[in-house]
Amino acid sequence: MKIESVNVTVFQYPTRRVSDTAGHSHPGPESMAKMAMLTITADDGTKGYSFAPPEVVRPFVVNTFFRKVLVGQDAFNRERIWQDLAHWQRGSAHQLTERALSFVEQALWDLIGRKLNMPVWKLLGGFRDKVPAYGSTMCGDDLPGGLSTPDEYASFAEKLVARGYKAIKLHTWMPPVSFAPNPKMDVKACAAVREAVGPDIDLMIDGYHWYSRTEALYIGKELEKLDFAWFEEPMEEESMSSYAWLAENLSIPIIGPESLGGKHHSRADWVKAGACDILRAGANGVGGISPTLKVANLAESFGMDCEVHGNGAASLAVIGAIKNCRWYERGLLHPFLDYDVPAAYLNSIVDPMDENGIVSLPTGPGLGEDINFAYIENNTVS
Ligand SMILES: O=C(O)[C@H](O)[C@@H](O)[C@@H](O)C(=O)NO
Ligand SMILES: [Mg+2]
């Protein structure tokens, strides 16, 4: 099955998610956003798809890297294609990013799964067809009735538990929110949520990512009193020694790295340095589904869990194939937004959750996205 073409369709769709000046999403007025659908077509007509921000898979990236490496290759030689692209990253002047690599690799997996008429998670190992989800909140805000006070976090947490979630992760306040960063406010939000949901719900925090060691130590010690399940990205992840120091000084599990580059390579060094108790990798951030699987397998070899970063089909493809991931990150959630409503270009969401907080993995071929091709065709902008 030779790869014949790699194409990108950019289309617009309505959204109520806006980004702040640090790139974090919050609810906002409805606006039209743009999305790119990356399509890999094989010589027998089989197609594979992934969705990406248009700038990540812009024409320069597709023409300069994707087409030159993929076209003419056997689509089943996915690892060879991935290695060839990954090696080009060094000489790409930072134009071939981990995220671009992730999205083209995901489309390749989707193509393979569609060709074999099997879900990717089953192709990769088929460990499970269901997974418990944690509710991952948006970052805090200053929206009255939103996530602007500890009590509003507590009230939202109660709603999430009523919806079925058995675990909740708080993204707390970060700049540009006026009073952030604020370790004491972070702790107050965590304490209010623990008070509201009781002792049987797993709680985690993912707060401001640039605290000092002493600020992170203070928060961590307070979280231990609240029996939090993990402490995520409180400091700059480029400083692995800071995380090793923090993990040495706290009993609460430290999880990471999430946003650090270096794919599965950097994560091996984190394990060796004792910089985390739980590994983390996302299929959009470490170069795709296979590198995420490599991180999960590395973690398993050291008796560690690997909590997959982010929601979506690619995350589920990995989680369905491995044992050492306890949760699916379902989010990001906010009181003002209904997560269960699919985006206009999808007929249904890929991660439906029942009243017990269990997400059933997609049974369709490939990544299992229920794509509304007619909508995309009617809303194509380039
Ligand atoms: O806003 C962001 O940085 C991301 O959405 C991130 O917060 C979120 O994906 C995350 O950290 N999950 O663990
Ligand atoms: Mg995170």
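Residues numbered from 1 in each chain as written. Chains lettered and ligands numbered in written order. Predicted model: local features only at pLDDT ≥ 70, side-chain atom pairs only at ≥ 80, totals over all residues. Heavy atoms only, no water.

Student: Even after reading the chapter, I still don't get the coordination of the magnesium ion (ligand 2), so can you show me in this structure?
Tutor: For a metal with four donors in a tetrahedral arrangement, the ideal angle between donors is 109.5 degrees, while six donors in an octahedron ideally sit at 90 or 180 degrees. Protein coordination of the magnesium ion (ligand 2) is provided by Asp206 (OD), Glu232 (OE) and Glu258 (OE), with donor distances spanning 1.9 to 2.1 Å. Along the chain, the residues that donate to the magnesium ion (ligand 2) are spaced as D-x25-E-x25-E. Within this pair, whereas Asp206 is found in strand S6 (residues 202–206), its partner Glu258 is found in the loop between strand S8 (254–256) and helix H9 (263–273), the two being separated by 52 residues in sequence. Residue classification places Glu258 among the buried residues on the basis of a relative accessible area of 16%. (Donors = N, O, S within 2.8 Å, 3.2 Å for Na, K, Ca; no water. Helix = DSSP H or I, 4+ residues; strand = E, 2+ residues; numbered from the N terminus. Buried < 20%, exposed > 50% of the residue type's maximum accessible area, 1.4 Å probe, protein only.)

Student: How should the pairing of strand S1 (residues 3–19) be read in this particular structure?
Tutor: For a regular strand, side-chain orientation follows a simple rule: the groups alternate between the two sheet faces. Summarising the sheet, S1 and strand S2 (residues 25–42) pair through 15 bridges and their orientation is antiparallel. Its bridge partner being in S2, Thr9 is matched across the sheet by Met37. Counting the residues in the hairpin turn of S1 and S2 gives five residues, including Gly23, whose phi is positive at 85 degrees. (Pairing = 2+ DSSP bridges.)

Student: Help me out: how do you make sense of the site of ligand 1 in this one?
Tutor: Near ligand 1 you find His24, Lys169, His171, Asp206, Glu232, Glu258, Arg280, His309, Glu329 and Leu332, and these make up its full shell. In the model, an oxygen atom of ligand 1 is placed 2.7 Å from a nitrogen or oxygen of the Glu258 side chain. Between ligand 1 and His309, the relevant distance is 2.8 Å, taken from an oxygen atom to a side-chain nitrogen or oxygen of the residue. The protein chains hide 80% of the 320 Å² of surface that ligand 1 would expose on its own. (Near = heavy atom within 4 Å. Polar contact = N/O pair within 3.5 Å; in protein donor to acceptor, adjacent residues only side chain to side chain. Areas by Shrake-Rupley, 256 points an atom, 1.4 Å probe, with all protein chains shown as cover.)

Student: Help me understand the pattern of salt bridges, please; the structure alone is not making it clear to me.
Tutor: Side chains that differ in sign of charge can pair as their charged atoms come close. A full pass over the atoms with the stated rule returns 16 salt bridges. We note a salt bridge from Arg163 to Asp340, for which the minimum N-O separation is 3.3 Å. Note that Arg163 is positioned in helix H5 (residues 150–163) and Asp340 in the loop between strand S11 (328–333) and strand S12 (346–348), a separation of 177 residues in sequence. Among the ionic pairs, Arg280 bridges to Glu329, the shortest N-O distance being 2.7 Å. One end of the pair, Arg280, is in strand S9 (residues 278–281); the other, Glu329, is in strand S11, with 49 residues separating them in the sequence. Accessibility expressed as a relative area gives 0% for Arg280, which makes it buried. A residue is classified by how much of its surface remains accessible, and Glu329, at 4% relative accessible area, is buried. (Salt bridge = Lys/Arg side-chain N within 4 Å of Asp/Glu carboxyl O.)

Student: I keep staring at the packing of helix H2 (residues 78–90) against helix H3 (residues 98–116) and nothing clicks. Help me out?
Tutor: Working note: a packed helix pair is described by the angle between its axes plus the distance between those axes. Their axes nearest at 11 Å, the elements H2 and H3 cross at an angle of 170 degrees. With respect to H3, the element H2 is oriented roughly antiparallel. On H3, the residues touching Arg78, Ile81, Trp82, Leu85, Ala86 and Gln89 of H2 are Glu98, Leu101, Val104, Glu105, Leu108, Trp109 and Ile112. Partitioned by chemical class, the residues of the contact of H2 with H3 number nine nonpolar, one polar and three charged. (Axes fitted to C-alpha atoms, helices over the stretch in contact; angles between N-to-C directions. Parallel < 35°, antiparallel > 145°, perpendicular 65-115°, else oblique. Contact = heavy atoms within 4.5 Å. Nonpolar A, V, L, I, M, F, W, Y, C, P; charged D, E, K, R; others polar.)

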